[in-house]
Amino acid sequence: MQFDGLNWESIEQQILNFGKKPPFDFVVIDDFFKKEFAKKLSTEFPAYDSEAWHGYNNPIEVKKVCNNWNLFPPNTYSTFSYFNSEEWLSYLSLKLTDGKKLYSDSGLNGGGWHTHKRGGKLNTHLDYSLHPKLGLQRKLNIIIYMNPNWKKEWGGALGLWGNESADKPGELVTSVWNKFNRAVIFDTTQNSWHGLPEPLV
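Residues numbered from 1 in each chain as written. Predicted model: local features only at pLDDT ≥ 70, side-chain atom pairs only at ≥ 80, totals over all residues. Heavy atoms only, no water.

**Section: the overall build of the protein chain**
Within the protein chain, the secondary structure is distributed over 4 helices and 10 strands. Shown N-terminal to C-terminal, the secondary structure of the protein chain runs as helices and strands in the order α-β-α-β-β-α-α-β-β-β-β-β-β-β. Reported as C-alpha extents along the three principal axes, the dimensions of the protein chain are approximately 40 × 40 × 35 Å. Each of the 201 residues in the protein chain was classed as buried or not, and the buried ones make up 42%. Taking the contacts inside the protein chain whose residues are at least 6 apart along the sequence as the reference set, 73% of them involve residues at least 24 apart. For the protein chain, the exposed area adds up to about 11,300 Å²; of that, 51% sits on carbon and sulfur atoms. Charge-centre separation for the protein chain: the mean point of 22 positive side chains lies 3 Å from the mean point of 22 negative side chains. (Helix = DSSP H or I, 4+ residues; strand = E, 2+ residues; numbered from the N terminus. Buried < 20%, exposed > 50% of the residue type's maximum accessible area, 1.4 Å probe, protein only. Contact = heavy atoms within 4.5 Å. Areas by Shrake-Rupley, 256 points an atom, 1.4 Å probe, with all protein chains shown as cover. Lys, Arg positive; Asp, Glu negative; His and termini not counted. Charge placed at Lys NZ, Arg CZ, Asp CG, Glu CD.)

Written out as structure tokens, the structure reads:
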């Protein structure tokens, strides 16, 4: 049974755009969750000063994250559970990888909740190629924006850079605004340089 919180009609229409624009294979899916479910998920995010978060503050990144399953409220827990399910992985495999088998990362290594405040950033980077615990190739990333009150003037758009080299990014090719209930899925195996290096204002 498909997960009821997802807006399957929207996903089915937009996922067909995967790989149709440079700089590497990606797709932007708006209205990813059903409207009411998206609102519920947004209310489950902890406050920025909550003890749930683990903070990073260094020249490369200024952000907070949480991947502790025990701290996820019911709707968030069920969503991450579905994203680790065979059903969802099979769907992505069929739509995005020509049927190549995908495996879940139930440990949410680098996943889970992420949040930024004013001054937050994440330098342009490549994600790790091999999972540090599973030893499997990292193939797909999904980022879903869950702040319904975000304003464009604050910044925070996801930048995607040219991928001529694994040593350094090329030119900035496109920026994806972090619109509420928008998902970005991209292939991480194509020198997929991404980030938000400009601090939020």
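**Focus: a nonpolar patch on the surface**
A surface patch of nonpolar side chains, amounting to about 310 Å² of accessible area, comprises Tyr103, Leu134 and Leu136. Within the secondary structure layout, Tyr103 lies in the loop between helix H4 (86-96) and strand E4 (113-115). (Patch = residues over 30% accessible without salt bridge, like charges linked within 9 Å, V, L, I, M, F, W, Y side chains within 5 Å. Salt bridge = Lys/Arg side-chain N within 4 Å of Asp/Glu carboxyl O.)

**Brief notes about the environment of Asp25**
Structurally, Asp25 can be placed in the loop between helix H1 (8-14) and strand E1 (26-29). Judged by its relative accessible area of 25%, Asp25 is partly exposed. Between the C-alpha atom of Asp25 and that of Leu140, which follows or precedes it by 115 residues, the distance is 9.8 Å. Beyond its immediate chain neighbours, meaning those up to four positions away, Asp25 contacts Phe18, Gly19, Ile185, Phe186, Asp187 and Gln190.

**Some points on the side chain of Lys63**
With respect to the helices and strands, the residue Lys63 is situated in strand E3 (residues 61-66). Overall, the relative accessible area of 10% leaves Lys63 in the buried class. Side-chain polar atoms of Lys63 contact the side chain of His114, separated by 3.4 Å. (Polar contact = N/O pair within 3.5 Å; in protein donor to acceptor, adjacent residues only side chain to side chain.)

**Details of unusual backbone geometry**
Residue Pro23 is bonded to the preceding Pro22 through a cis peptide linkage, with omega at 15°. In this model, Asp98 sits at a positive phi of 55°, which is unusual for a non-glycine residue. For Asp98, the location among the structural elements is in the loop between H4 and E4. Even without a glycine there, the phi angle at Leu108 is positive, about 50°.

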